[in-house]
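The residues making up each chain are set out below.
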Amino acid sequence: MRLSLTVVCCFTWTLVQAQTQPITVTESSPILAQFEYWEDPEADADLNQVRNLPDSAWHLEPSGSATFGNTPSAYWLRFSVRNLDPEAVNLIVELAYSQLDDVIFHVVSNQNQAPGRKTQEFKTGDGRPFYPRQVDHPNMLLRVKLAPAQTKTIFVRVKTAGPTILPLRIWREAEFFSAATHEQKLHFFYYGCLTVIILINLAVFLTLRERLYLYYAIAISGYLLFFASIKGYSFQLLYPQAPGLHAKAMLASMPVLALFSLLFCRSFLRTPSHSPRLDLAIRVMIGFEVINFIGAMMLDYNVAIRLSSISALVFFSLLFVAGPVTWAAGVRAGAFFTVAWTPLTVGVLATAGRALGFFPTNFMTEHAMQIGSGLEAFILTLALADRLYREREDKIIAQADSLRQEKARNDARQELTEAMTHDPVTGLPNRNRFEWMVNNQLAEDPQGNYMVGVARITRLDEINRTLGLNRSERLLKRLAEQMTAMAIQLPEVHRVRDDQGRDECVYQLSGDCVGILVHADKIASDLEGLNQALGLLSLPVPLDNLAIELHPKFGAARYPEHGDNAALLIRNAHVGMEIAPRGLLATGFYSPDLDIYSEGRLTLMSDLREAIQSDQTILYYQPKLSLVTGRVIGLEALIRWHHPQRGSVSPADFIPLAEETGVIHQLTRWAVERGIRDLAGLQSDHPGLGLSINISARDLSSRSLKGHIESVLGQHRIHAQRLTLELTETAAMEDPEKGLLALKSLADAGIGISIDDFGSGYSSLSYLKELPATEIKLDRTLVTDVCASDSSRVIIETAINMVHGLGYSVIAEGVEDEATARLLKGLGCDKLQGYWLGHPMPLADLQPWLASCPEAILSIFQPETTDK
């Protein structure tokens, strides 16, 4: 049996030897590779089955290279090598295609051994881990050693999922390593060039932030990964133990390079604006490449490689057309793109033709795509450099124009800034500049103590009308120079330096008002030194042989007590100036209590209007006593207001505001209506009782006041003589001519007129003599210390005699005790009112008080004859 098997094997080997011409190795001649191949459609044959195949099953490939395309079959190669050298040789058998998944080399020797015995088996392929390999190289390599005159037959089984490309080469070992070193230098030169291009474009992207360069860098990175994968270098160097990762990396590289090449093309050729249809096709292709990338990660290798092949065909065709289309549309970049994409397209077609078996395997078809991609990258890099150069030139021109325009704008801005921040007449920095300076200083030193001071020339309008505008402006300019020189000498005055090196310390807030910022910690508490400096403003200013009096007024507000920003401090300093005390150079400091312009008081008037309309105000009544009869003869109506949120609001807070805003007219009409109505309710029990109502100077200007009073009196059937209108002497003298006419008209109607707070102002006796008054009320400041001060007593006695001499009755207000009441009676005073007699009270409390209280208190004022 063994003999029969031996005979069969020898016979078979004899047939092999007879049909296959060995590849001879001589000392000097090149080794010409050829092989026979057999297709194994089921991919399940082993070596013994293959060796037993008849010779007719084998097909000779004399060129040593064959391409079978994508096929599920396995292919077996068979060739013999004979050493005709007198010395032993080391050979390397190479299948020069790195993308073969499973390769098994079988070496059979028939010399010095049993005929046809397998002496070596080596398994490799990119479907297996890279190591161990006999030679550290991406291609499929086998080391074979031949003794002199020795012949070895080599069977190679190849099975791969991609294109089956079988370029067989047999090398002397030294020649292989020399050629491999040379080839690797070329490859890594190519990869190095691509890397440099990637880094340059990334640097440009990071500098300019233009996505075009990022797209190009990622696209070239895709080419780099693709060629490193397809040539096997990434498998060899990066992940030698992960063949699955190697397959996915190669599949992923194709959609990545396509996707970012499309994005680069779209941006580089500006297709959205120059070719909308082409841009639509590119955007559709971008979406397809996204799907292709997902498929590369998830689909089977064979399906993914076919999808990528279809993608590559459409992708390269589309971009091959894109260049000429945009070139024809007038885009300069289209010319570069056409020239750059042509060699790459040719290289892709050559590589595809080689993979499909249309083109033979040689240097050009093996490296066509790399050559094309290198040319494409080089040309497009030149195109990007041209783009950068042109953009740089355009930017330089644009920058030059921009610089010229910017200079013109800066000049105009400077002039505008000067106009906006400085007064055109005096040259002083204006309010805008002052507010900016103050706010900056407060922000830098929030814990500091500062004071904003303002000064106003009160006679400026008069000076303008008298001297004319030109001379007035000369006066202001001279005054500004003097004030600046003065302020620079004061260390407490804050100053800054502007962009032009000018010192700023005095600011023009308006046409007749200037301001300064003072370090409050550097001045005395009484401001004596500052007032002396400001006193220079009161001196006459010489102009054209004239001495011009300015009559300045001063106001101030402190930070942080009176405001935390410039606008508020300036506003409050102006309010302080308005409430400045009388006297030469007196500085008015802001006080919230005296600020009639505060927001709260303005809203108070709106609330007061609503209170009057909804009858929320109320009248309190303070009784008046006749020192002649000892009876309560009248009531003074006093307005009280209880605010829903603020509580009780003092009349001192809302009456002045009502006068300023005109609400006083509504308030007076309401007081007249309510007071006369209440008096009508009391007349049945107290028929002789009179009523006094306070009115304002503003009321005297109302033409409807008299008619309204007469209407209300008639409605409630009250005689006019029982009503007295009280107004202060200063109010009566505010507009003497109109006030006198209004008062005479009221007096002619039978209404009594009382001059309130007599002695608190500077009344003109001649004017008082003209008033149709019926009584004079002595101010409480004269009455308070009449018992303790002889001088006050003399003043009171003189005033009473003088008023009686003018024909008026006298009423004293503010009587707090019995002694004062007795003294006033002895001095001849006619009437009194005050807390000793009774506090102001609402109508509900007034009625029982009138009924019971007065007799016990007032009995001491009865004449002595009443006791008899």
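This one's a predicted model, so the numbers in the text were calculated from it and none came from an experiment.

**Student:** I'm lost on the overall build of the protein in this one. Help?
**Tutor:** In terms of helices and strands, the protein carries 29 helices and 30 strands. Looking at the protein as a whole, 49% of its 868 residues qualify as buried. Pairs at least 24 apart in sequence give 72% of the contacts found in the protein among residues at least 6 apart. Of the roughly 42,300 Å² of accessible surface on the protein, 57% is carried by carbon and sulfur atoms.

**Student:** Just to check I follow, could you spell out helix H3 (residues 173–208) for this structure?
**Tutor:** An α-helical turn contains 3.6 residues, so any two residues separated by three or four positions project in the same direction. Between its first and last C-alpha atoms H3 spans 52 Å; for 36 residues at 1.5 Å apiece the expected length is 52 Å, and the two agree. Among the residues of H3, those classed as buried are Phe176, Ala180, His187, Tyr190, Tyr191, Leu194, Ile197, Ile198, Asn201, Val204 and Phe205. Directly after H3, the chain includes Arg209, whose backbone phi takes a positive value near 60°.

**Student:** Explain the packing of helix H13 (residues 460–467) against helix H14 (residues 469–488) to me, please; I cannot follow it from the model alone.
**Tutor:** To characterise two packed helices, one gives the angle between the axes of the helices and the distance between these axes. For the pair H13 and H14, the least separation of the axes is 7 Å and the interaxial angle reads 135°. One finds that H13 runs oblique with respect to H14. Each of Leu460, Ile463, Asn464 and Leu467 in H13 lies in contact with H14, whose residues at this interface are Leu469, Arg471, Ser472, Leu475 and Leu476.

**Student:** Hey, could you run me through the nonpolar core in this one?
**Tutor:** Side chains of a nonpolar character, in soluble globular proteins, are inclined to be buried together. Formed by 77 residues in total, the largest nonpolar core has its most connected members in Leu608, Phe654, Leu691, Ile709, Leu723, Leu725 and Ile796. The leading source of residues in this core is helix H19 (residues 664–682), at nine residues. Once residues lying within four places of it in the same chain are set aside, the contact partners of Ile709 are Val672, Leu723, Leu725, Leu746 and Ile751.

**Student:** Looking at this model, I keep getting lost on the packing of aromatic side chains. Mind explaining?
**Tutor:** Pairs of aromatic rings are described using the distance from one ring centre to the other and the angle between the two planes. Enumeration according to the criterion identifies 21 aromatic pairs in this entry. Note on Phe130 and Phe235: the rings are 5.6 Å apart at their centroids and 90° apart in plane angle, and the pair reads as edge-to-face. One end of the pair, Phe130, is in the loop between strand E8 (117–124) and strand E9 (140–146); the other, Phe235, is in helix H5 (residues 233–237), with 105 residues separating them in the sequence. Ring pairs connect the aromatic residues Phe188, Tyr190, Tyr191, Phe226, Phe227 and Tyr233, which therefore count as one cluster. The aromatic ring of Phe205 is capped on one face by Arg209, whose charged end is 5.9 Å from the ring centroid.

**Student:** When you look at the sheet that holds strand E6 (residues 89–95) in this model, what are you seeing that I'm missing?
**Tutor:** Strands sit in the order E4-E11-E6-E9 across an open sheet of four strands; the sheet is antiparallel. Of all strands in the sheet, those with a lone pairing partner are strand E4 (65–70) and E9, marking the two edges. In this sheet, adjacent strand axes meet at a mean angle of 20° when their direction is disregarded. Inspection of the sheet shows E6 paired to strand E11 (residues 163–172) by five bridges, in the antiparallel sense. Within E11, the residue paired with Ile92 across the bridge is Trp171. Contacting E6, E9 and E11, H3 runs over the sheet at an angle of about 120° to E11.

**Student:** Got a minute to help me understand the pattern of salt bridges in this structure?
**Tutor:** Opposite charge on two side chains allows them to pair when their charged atoms are near. Inspection of the entire model under this criterion finds 25 salt bridges. Arg497 is the salt-bridge partner of Asp503, the closest N and O atoms lying 3.2 Å from each other. Given the relative accessible area of 34%, Asp503 is considered partly exposed. Put simply, Glu726 and Lys624 hold a salt bridge, and the shortest N to O gap is 2.8 Å. Placement of Glu726 in strand E25 (residues 723–728) and of Lys624 in strand E21 (residues 617–626) is noted, with a sequence separation of 102 residues between them. Residues joined in a network through salt bridges with shared partners are Lys624, Glu636, Glu726, Glu775, Lys777, Glu813 and Lys831.

**Student:** Explanation requested: the environment of Ser63 in the structure shown.
**Tutor:** By the secondary structure assignment, Ser63 is in the loop between strand E3 (59–61) and E4. A residue is classified by how much of its surface remains accessible, and Ser63, at 52% relative accessible area, is exposed. A C-alpha to C-alpha distance of 8.9 Å links Ser63 and Leu168, two positions 105 residues apart in sequence. Polar contacts involving the side chain of Ser63 include one to the side chain of Glu61, which spans 2.6 Å. Polar side-chain contacts of Ser63 include one of 3.2 Å to the backbone oxygen of Ser65.

**Student:** Got a minute to help me understand helix H6 (residues 243–268) in this structure?
**Tutor:** Across its 26 residues, H6 extends 37 Å between first and last C-alpha, which sits within 8% of the 38 Å expected from 1.5 Å per residue. Among the 26 residues that make up H6, 19 are buried, leaving the element largely enclosed by the rest of the structure. At the exit of H6 stands Arg270, carrying a positive phi of roughly 55°.

**Student:** Explanation requested: the sheet that holds strand E20 (residues 587–589) in the structure shown.
**Tutor:** As a general point, the strands of a sheet are linked pairwise by backbone hydrogen bonds and lie either parallel or antiparallel. What the five strands build is an open sheet, ordered E15-E16-E12-E19-E20; its pairing is mixed. Of all strands in the sheet, those bounded by a partner on one side alone are strand E15 (507–510) and E20. Averaged over all pairs of adjacent strands, the angle between their axes in this sheet comes to 30°, without regard to strand direction. In terms of strand pairing, strand E19 (residues 552–559) meets E20 through three bridges, oriented parallel. Looking across to E20, one finds that Phe554 is bridged to Thr587.

**Student:** Just to check I follow, could you spell out the side chain of Ser792 for this structure?
**Tutor:** For Ser792, the position within the fold is in helix H26 (residues 790–805). Only 3.0 Å separates the side chain of Ser792 from the side chain of Asp785, close enough to count as a polar contact. Apart from residues no more than four positions distant in its own chain, Ser792 is found in contact with Leu782, Asp785 and Val786.

**Student:** Would you mind showing me how to read the packing of helix H8 (residues 276–298) against helix H9 (residues 301–328) here?
**Tutor:** Running from N to C, H8 and H9 cross one another at 160°; their axes reach a closest spacing of 10 Å. With respect to H9, the element H8 is oriented roughly antiparallel. Crossing of H8 over H9 shows left-handed handedness. For the pair formed by H8 and H9, the contact residues are Leu278, Ala281, Ile282, Met285, Phe288, Glu289, Asn292, Gly295 and Ala296 on the first element and Ala304, Leu307, Ser308, Ser311, Val314, Phe315, Leu318, Ala322, Val325 and Thr326 on the second. Along the lines of polarity and charge, the residues of the contact of H8 with H9 split into 13 nonpolar, five polar and one charged.

**Student:** So what exactly am I meant to see when it comes to unusual backbone geometry here?
**Tutor:** Glycine aside, the phi torsion of most residues is negative, and most peptide linkages are trans. Here the residue pair Tyr131 and Pro132 is connected by a cis peptide bond, since its omega of 5° sits within 30 degrees of zero. Mapped onto the elements, Pro132 comes out in the loop between E8 and E9. Going from Tyr559 to Pro560, the amide bond is cis rather than trans, its omega being 10°. On the secondary structure map, Pro560 appears in the loop between E19 and helix H16 (566–578). Positioned with a positive phi, Ala43 is a non-glycine residue whose angle comes to about 60°. Looking at the secondary structure, you find Ala43 in the loop between strand E2 (35–40) and helix H2 (47–51). Even without being a glycine, Arg209 presents a positive backbone phi close to 60°. As for its position among the elements, Arg209 is in the loop between H3 and helix H4 (211–230).

About the cut-offs
Residues numbered from 1 in each chain as written. Predicted model: local features only at pLDDT ≥ 70, side-chain atom pairs only at ≥ 80, totals over all residues. Heavy atoms only, no water. Helix = DSSP H or I, 4+ residues; strand = E, 2+ residues; numbered from the N terminus. Buried < 20%, exposed > 50% of the residue type's maximum accessible area, 1.4 Å probe, protein only. Contact = heavy atoms within 4.5 Å. Areas by Shrake-Rupley, 256 points an atom, 1.4 Å probe, with all protein chains shown as cover. Expected span 1.5 Å × (residues − 1). Axes fitted to C-alpha atoms, helices over the stretch in contact; angles between N-to-C directions. Parallel < 35°, antiparallel > 145°, perpendicular 65-115°, else oblique. Core = buried A, V, L, I, M, F, W, Y, C linked by side-chain atoms within 4.5 Å. Phe/Tyr/Trp six-rings, centres within 6.5 Å; stacked < 30°, edge-to-face > 60°. Lys NZ or Arg CZ within 6 Å of the ring centre and 35° of its normal. Pairing = 2+ DSSP bridges. Salt bridge = Lys/Arg side-chain N within 4 Å of Asp/Glu carboxyl O. Polar contact = N/O pair within 3.5 Å; in protein donor to acceptor, adjacent residues only side chain to side chain. Left-handed = near helix turned anticlockwise from the far one by under 90°. Nonpolar A, V, L, I, M, F, W, Y, C, P; charged D, E, K, R; others polar.

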